[in-house]
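Architecture and fold: a report
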Amino acid sequence: MYMRRKTRSVKVGNLEIGGNAPISVQSMTNTETKNISDTVSQIKRMEKEGCELVRVAIPDLESCYSLPLIKKVINIPLVADIHYDYKLALKSIECGVDGLRINPGNIGNNEKIKLVIKSAKKINLPIRFGINSGSLDKNILKKYKKVTPQALVESAVNIIKILDELDYHNIIFSIKSTNIINTIEANNIFSSKYDYPLHLGITEAGPPFQGIIKSSVGIGALLFQGIGDTIRVSLTGDPVEEIKVGYEILKALHLRQRGPDLISCPTCGRCKVDLSKIVRKVERQIRNINKPLTIAIMGCMVNGPGEAKEADIGVAFDKEKGILFKKGKIIAKSSDKIIIRRLLEEIKSE
Ligand code: SF4
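For clarity, every value in this text was computed on a predicted model and none was experimentally measured. (Residues numbered from 1 in each chain as written. Predicted model: local features only at pLDDT ≥ 70, side-chain atom pairs only at ≥ 80, totals over all residues. Heavy atoms only, no water.)

The next subject is the domain arrangement of the chain. Domain annotation of the chain identifies domain 1 (10-252) and domain 2 (261-349). Domain 1 and domain 2 are separated by 39 Å when their C-alpha centres are compared. (Domains from an automatic or database assignment.)

Dropping the structure here:
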């Protein structure tokens, strides 16, 4: 039975992460942050798809100065992603960002990490510490000889010691590896000991086809165990796609529903219509619908009526004729073209 592990609640801008908050979906822009118009336009597209927090890369001072201008025109919390230079983290705080993401493995040393934490603490700014297989602390790597779940967790524990010393806990952790098994094990170990909210992701998951599979398996396995408070799917491509995939993962596990859930059969020799063409058409037409609906499109009478009845709206084909169901009742019978038109009308009227 699904039981979400209890974590403390952290507020990033107006978004609550952890505690009893719904598992949020976030992403990161791939524009140059100093190119404000491209960055804002990408964030607006991400917002439209349901993105609830956005991270931007801060490789230089100019990017820091873009933060207040970007923040002014977007509607979701803005997080600065910092690598190597702790001064950029301090400057991003000054520039009014809603949160920081830093990677302790590449920020230099504990003194620099402490300076960032102390500065964030003054205004209760949340920080996500990203423990990443690609940039693990050199001493930890030396001790474990390779990236292991224990090595990843030890890197997080070192940060927790600093947080305890500075008495600052407005923190989210992420423990990511390109190795899915390591990611799952490390997050399991961490969440059995600590109640910091967890950001889940499979790092550098690859191009869309591979990346969607790896992310669904890795993130999905952890969510199913009740672990994870916010997710980011990493794909090489348009970040808007990451948001869509994130919601599909949550939808598949019945953790959140945004937009229709489309059920369709794979077809077989019993199907007498071009179901794949029909499904593609319906998929295109429902792209901008955010209502949580279950829609079934089934190729024949074997499983068709059962699935179509269970769905909010469904069609089951009986040879070339379609039978349309709404809330379990037959409301029309007609040829494929007419029935699909009716199906779309019914979906839009919901
Ligand atoms: S519903 Fe019918 S057409 Fe679709 S896969 Fe099952 S048996 Fe084949």
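The subject of this paragraph is the packing of aromatic side chains. Counting across every chain of the model gives 4 aromatic pairs. Cluster of aromatic residues (ring-pair linked, three or more members): Phe-129, Phe-173, Phe-190, Tyr-194 and Tyr-196. Taking NZ or CZ as reference, Arg-8 lies 4.4 Å from the ring centre of Tyr-196, over its face. The lysine or arginine in question, Arg-258, covers the ring of Tyr-247, its NZ or CZ lying 5.3 Å from the ring centre. (Phe/Tyr/Trp six-rings, centres within 6.5 Å; stacked < 30°, edge-to-face > 60°. Lys NZ or Arg CZ within 6 Å of the ring centre and 35° of its normal.)

What follows is about helix 9 (residues 239-252). Residue pairs spaced three or four apart in an α-helix point in one direction, given the helix's 3.6 residues per turn. Between the first and last C-alpha of helix 9 there are 20 Å, a value that for 14 residues agrees with the 20 Å anticipated at 1.5 Å per step. Most of helix 9 sits out of view: 10 of its 14 residues are buried. When we look at burial in helix 9, the residues that qualify are Pro-239, Val-240, Glu-242, Ile-243, Val-245, Gly-246, Tyr-247, Ile-249, Leu-250 and Lys-251. Buried residues belonging to helix 9 abut strand 3 (24-28), helix 1 (36-48), helix 8 (208-224), strand 10 (230-231) and strand 11 (261-264). (Helix = DSSP H or I, 4+ residues; strand = E, 2+ residues; numbered from the N terminus. Expected span 1.5 Å × (residues − 1). Buried < 20%, exposed > 50% of the residue type's maximum accessible area, 1.4 Å probe, protein only. Contact = heavy atoms within 4.5 Å.)

What follows deals with the sheet that holds strand 6 (residues 99-102). Spatially, 8 strands are ordered 3-4-5-6-7-8-9-10 in a closed barrel, and the strand pairing comes out parallel. Against the sheet, helix 6 (residues 149-166) makes contact with strand 7 (127-132) and strand 8 (171-176), and its axis sits at roughly 165 degrees relative to strand 8, the strand it touches most. In the packing of helix 9 onto the sheet, the strands contacted are strand 3 and strand 10, and the crossing angle to strand 3 comes to about 160 degrees. (Pairing = 2+ DSSP bridges. Axes fitted to C-alpha atoms, helices over the stretch in contact; angles between N-to-C directions.)

Phi is mostly negative for residues that are not glycine, and the peptide bonds are mostly trans. Even without glycine at this site, Tyr-84 takes up a positive phi of about 70 degrees. If you trace the backbone, Tyr-84 turns up in the loop between strand 5 (78-82) and helix 3 (86-94). According to the relative accessible area criterion, Tyr-84 is exposed, its value standing at 62%. The phi torsion at Lys-145 lies on the positive side, around 70 degrees, for a residue other than glycine. Summarising the element assignment, Lys-145 is placed in the loop between helix 5 (138-144) and helix 6. The exposure class of Lys-145 is exposed, given its relative accessible area of 73%.

The next point concerns the pairing of strand 12 (residues 294-298). Across the 5 residues that make up strand 12, a large majority, 4, are buried. Two strands pair when backbone bridges link them, and strand 11 and strand 12 are joined in this way by 4 bridges, in the parallel orientation. Its bridge partner lying in strand 12, Ile-263 is registered against Ala-296. For the crossover that starts at strand 11, traverses helix 10 (residues 275-285) and ends in the parallel strand 12, the hand is left-handed. Pairing geometry for strand 12 and strand 13 (residues 313-318), over 4 bridges, is parallel. What sits directly across from Ile-295, in strand 13, is Ile-313. (Right-handed = clockwise from strand over helix to strand, strands pointing away.)

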